[in-house]
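Overview (structure and organization)
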Amino acid sequence: MTRDPRHHIYERDKWTCQYCGRGGSDDFQAWNEAWLAIDHITPKKHGGSDKDSNLVVACHMCNSVKAADLCKSVEEGRLIIARKNQGRKEWFNKYVSKSEENT
Ligand SMILES: [Zn+2]
């Protein structure tokens, strides 16, 4: 197996999602479920670079939710993800959950 050329990013971020804290290098279960990937903080679509300073470790959930939204920092990324998750929760309560059907 060849080593990921971005292995040093994972090492730097301790195999932990920088947005929500999932992952880690101590527990296989946690690491496996996080499906860690490298995220461009500022998406390339918005002019983000491939430099280490623009790369962070993110779990598949945060990576998918954040997507290619304009973002300039990890802190802003967390806010974007929180806002979108809130929207998803409202959508879930409105269209998916049946819990209030009988109330
Ligand atoms: Zn995450």
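Please refer to the structure higher up on the page.
Residues numbered from 1 in each chain as written. Predicted model: local features only at pLDDT ≥ 70, side-chain atom pairs only at ≥ 80, totals over all residues.

**So, the environment of Val-74**
- Structurally, the position occupied by Val-74 is in helix 4 (residues 74–96).
- Between the C-alpha atoms of Val-74 and Asn-54, which are 20 residues apart in sequence, the distance is 9.3 Å.
- Among residues more than four places away in sequence, those in contact with Val-74 are Gln-18, Tyr-19, Ile-41 and Val-56. (Helix = DSSP H or I, 4+ residues; strand = E, 2+ residues; numbered from the N terminus. Contact = placed C-beta atoms within 7 Å.)

**Section: the nonpolar core**
- With 14 residues, the main nonpolar core has Cys-17, Ala-58, Cys-59 and Cys-62 as its most contacted residues.
- If you list the elements that add at least two residues to this core, you get strand 2 (55–58) and helix 3 (60–66).
- Among the elements that line this core, the one with the most residues is strand 2, at four residues.
- When residues no more than four places from it in sequence are discounted, the contact partners of Ala-58 are Cys-17, Gln-18, Tyr-19, Ala-37, Asp-39 and Asn-63. (Core = buried A, V, L, I, M, F, W, Y, C linked by C-beta atoms within 7 Å. Buried ≥ 20, exposed ≤ 12 C-beta atoms within 10 Å, placed from the backbone.)

**Re the pairing of strand 2**
- Where burial is concerned, the two faces of strand 2 agree: the one with Leu-55 and Val-57 and the one with Val-56 and Ala-58 are both buried.
- In this sheet, strand 2 lies alongside strand 1 (residues 37–40) in antiparallel orientation, the contact comprising four bridges. If you follow Ala-37 over to strand 2, its bridge partner there is Ala-58. (Pairing = 2+ DSSP bridges.)

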